[in-house]
Amino acid sequence: MQDVIRQTLQFAKPESLRFSSISLKDIMDHALVLIHHKLEEHKITVIRDGDEELEQVWADPQSVTQILVNLMMNAIDAMPHGGNLDVETKKIEQKLREL
């Protein structure tokens, strides 16, 4: 219940973003540490794959961490009997096109 209240208050009072050059691998590692107890509690195994040496990205580390934690918590909720959580990080080459 406290998490719901905290998240509601955060949503109601948006904080200013603090952009910096971040490592997505480091952010993913941190997010997994934050939910480690939930993963163990629900008997969920994390399977990691992807590029170890991704380029740095320009983003707000706190926001990206929160997004990843929310996505993974949703995945945990969707696996009440345990399972595998596949996490992949990779660079995707994408060309921009005009509309």
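The rules we used
- Residues numbered from 1 in each chain as written.
- Predicted model: local features only at pLDDT ≥ 70, side-chain atom pairs only at ≥ 80, totals over all residues.
- Heavy atoms only, no water.
- Core = buried A, V, L, I, M, F, W, Y, C linked by side-chain atoms within 4.5 Å.
- Buried < 20%, exposed > 50% of the residue type's maximum accessible area, 1.4 Å probe, protein only.
- Helix = DSSP H or I, 4+ residues; strand = E, 2+ residues; numbered from the N terminus.
- Contact = heavy atoms within 4.5 Å.
- Salt bridge = Lys/Arg side-chain N within 4 Å of Asp/Glu carboxyl O.
- Expected span 1.5 Å × (residues − 1).
- Arc of directions from axis to C-beta.

(A) Highlighting the nonpolar core. Membership of the largest hydrophobic core comes to 17 residues, with the highest contact counts inside it found for Ile-35, Leu-39, Leu-68, Met-72 and Leu-85. Counting residues per element, this core draws most heavily on helix α4 (residues 61–77), at five residues. Excluding residues that lie within four positions of it along the chain, Leu-68 makes contacts with Ile-27, Met-28 and Ala-31.

(B) The arrangement of the pattern of salt bridges in detail. Tallying each qualifying case throughout the model produces four salt bridges. Salt-bridge contacts for Lys-25 lead to Asp-29; the nearest nitrogen and oxygen are separated by 3.0 Å. Of this pair, Lys-25 and Asp-29 both sit in helix α2 (residues 24–34), four residues apart, roughly one helical turn. According to the relative accessible area criterion, Lys-25 is partly exposed, its value standing at 23%. Note that Asp-29 is salt-bridged to Arg-48, the shortest N-O span being 2.5 Å. One end of the pair, Asp-29, is in helix α2; the other, Arg-48, is in strand β2 (residues 44–50), and 19 residues separate them in sequence. Via salt bridges that share partners, Lys-25, Asp-29 and Arg-48 belong to a single interconnected network.

(C) Structural context of α4. Taking 1.5 Å of rise per residue, the 17 residues of α4 would be expected to cover 24 Å, and the 24 Å separating its terminal C-alpha atoms lies within 8% of that figure. Within α4, burial applies to Val-64, Thr-65, Leu-68, Val-69, Met-72 and Ile-76. Down the axis of α4, the buried set is contained in an arc of 130 degrees. They therefore lie on one face. Residues of α4 that are exposed and point more than 90 degrees away from the buried face comprise Leu-71 and Asp-77. Next to the buried residues of α4 lie β1 (20–22), α2, α3 (36–41), β2, β3 (57–59) and β4 (83–89).

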